[in-house]
Amino acid sequence: MKFKLDENLPVSAATILASAGHDVDTVLAEGLAGAPDPDVVSAATVAGRILISLDVGLGDIRAYPPGSHAGIVVLRVPDQSATTVTKTISDLASLTELASLAGSVAVLQRGLLRIRHP
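Quick caveat, the model's predicted, so the values are computed rather than measured. (Residues numbered from 1 in each chain as written. Predicted model: local features only at pLDDT ≥ 70, side-chain atom pairs only at ≥ 80, totals over all residues. Heavy atoms only, no water.)

(A) Quick peek at helix α1 (residues 11-19). Taken as a whole, α1 has its buried residues at A13, A14, I16 and L17. Relative to the axis of α1, the buried residues are bounded by an arc of 160° and lie together on one face. In α1, the exposed residues that point more than 90 degrees away from the buried face are V11, T15 and S19. Directly after α1, the chain includes G21, whose backbone phi takes a positive value near 95°. (Buried < 20%, exposed > 50% of the residue type's maximum accessible area, 1.4 Å probe, protein only. Helix = DSSP H or I, 4+ residues; strand = E, 2+ residues; numbered from the N terminus. Arc of directions from axis to C-beta.)

Below is the structure:
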């Protein structure tokens, strides 16, 4: 799978996904730090990458309807420490149904992945 990590995720998250065999790019590497959410979603869509973020606003299906982008995964974690986020990314990387994330809006929270398909 191809992923783009939002600027609010630790660098170690990219390493975890890459070591699981995924193609990973970051908002920071693309020079989009501080860019508005619609611009980040658009860049991920053009690149065919599923965007992973801590930004709960990206989970709003009225603003980002399933099928209008390459896919969005919002991580809902109890705290945004690097340890908690990397553990959550590890959980995500181990899932077998990652292909079902394409074009959808998903929320990963406490080991539960809720997916809104197009």
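Once you've had a look at it, read on.
(B) Representation of the sheet that holds strand β6 (residues 112-116). Strand order across the open sheet formed by six strands is β2-β1-β3-β4-β5-β6, with mixed pairing between neighbours. If you trace the sheet from one side to the other, it starts and ends with β2 (23-26) and β6, each paired once. Along the sheet, successive strands turn relative to each other by an average axial angle of 20°, direction set aside. As paired strands, strand β1 (residues 2-5) and β2 are joined by four bridges and run parallel to one another. Within β2, the residue paired with K2 across the bridge is D23. The strands touched by helix α2 (residues 37-46) within the sheet are β1, β3 (50-53) and β4 (72-76), with β3 carrying the most contacts at an inclination of about 140°. (Pairing = 2+ DSSP bridges. Axes fitted to C-alpha atoms, helices over the stretch in contact; angles between N-to-C directions. Contact = heavy atoms within 4.5 Å.)

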